[in-house]
Amino acid sequence: MARVDPAAIERFMRGQVTCWNAHDKLGFMAHYRSVASEALDIAYAGRDEQQDGWFVIEEMWDKHNERFELEVLNTIINGDDVAVHHRNCIRGTDLVIESIETYRFSPGRLSVCYFLQPPSSAEVDLAQFRGFAWRNTA
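Everything numeric here is computed off the predicted structure, so don't read it as measured data. (Residues numbered from 1 in each chain as written. Predicted model: local features only at pLDDT ≥ 70, side-chain atom pairs only at ≥ 80, totals over all residues. Heavy atoms only, no water.)

> So, the side chain of Ser99: which residues are in play, and what are the values?
Here Ser99 shows up in strand S4 (residues 96–106). One polar contact links Ser99 to Glu101, side chain to side chain, over a distance of 2.7 Å. For Ser99, the contacting residues outside a window of four places in its chain are Val84, His85, His86, Asn88, Tyr114, Phe115 and Leu116. (Helix = DSSP H or I, 4+ residues; strand = E, 2+ residues; numbered from the N terminus. Polar contact = N/O pair within 3.5 Å; in protein donor to acceptor, adjacent residues only side chain to side chain. Contact = heavy atoms within 4.5 Å.)

> Break down unusual backbone geometry for me, citing the residues and quoting the values.
The phi dihedral of His23 is positive, around 60 degrees, even though this residue is not glycine. Considering the arrangement of structural elements, one finds His23 in the loop between helix H1 (6–21) and helix H2 (25–35).

> Quick one: what's the story with the environment of Ala2, residue by residue and with numbers?
Position of Ala2 among the secondary structure elements: in the segment before H1. Along the primary structure Ala2 and Pro107 are separated by 105 residues, whereas in three dimensions their C-alpha atoms are 6.9 Å apart. If we skip the residues at most four places from it in the chain, Ala2 touches Asp80 and Pro107.

See below:
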């Protein structure tokens, strides 16, 4: 089985966060293209319905980049699999959305799954987030 260069995985994991926090969309997307030239799959835990990964990542950027800063609490890399704990900090508030994310790398392909925990405060409209949409359906 072909493996992904460990340095490329580490570069992606650091680079995507750096570009997100710097509001560098071109750099952010370049990091994704560098590891997902053939396919990008993005899922939200607890959701059956999924969209094209490129659509999801573009939508995520457009809806949320200005409002959120990422804080990396822990990253665990085991071969081609990564688990990360991010804190999605809502700028100008003390509210955060906790996120456990898994990444599976294979040559030309990246599969991501987000596990999101909403803030304890009801001050945030969760309907705006793809990962929380299941909470708003019957």
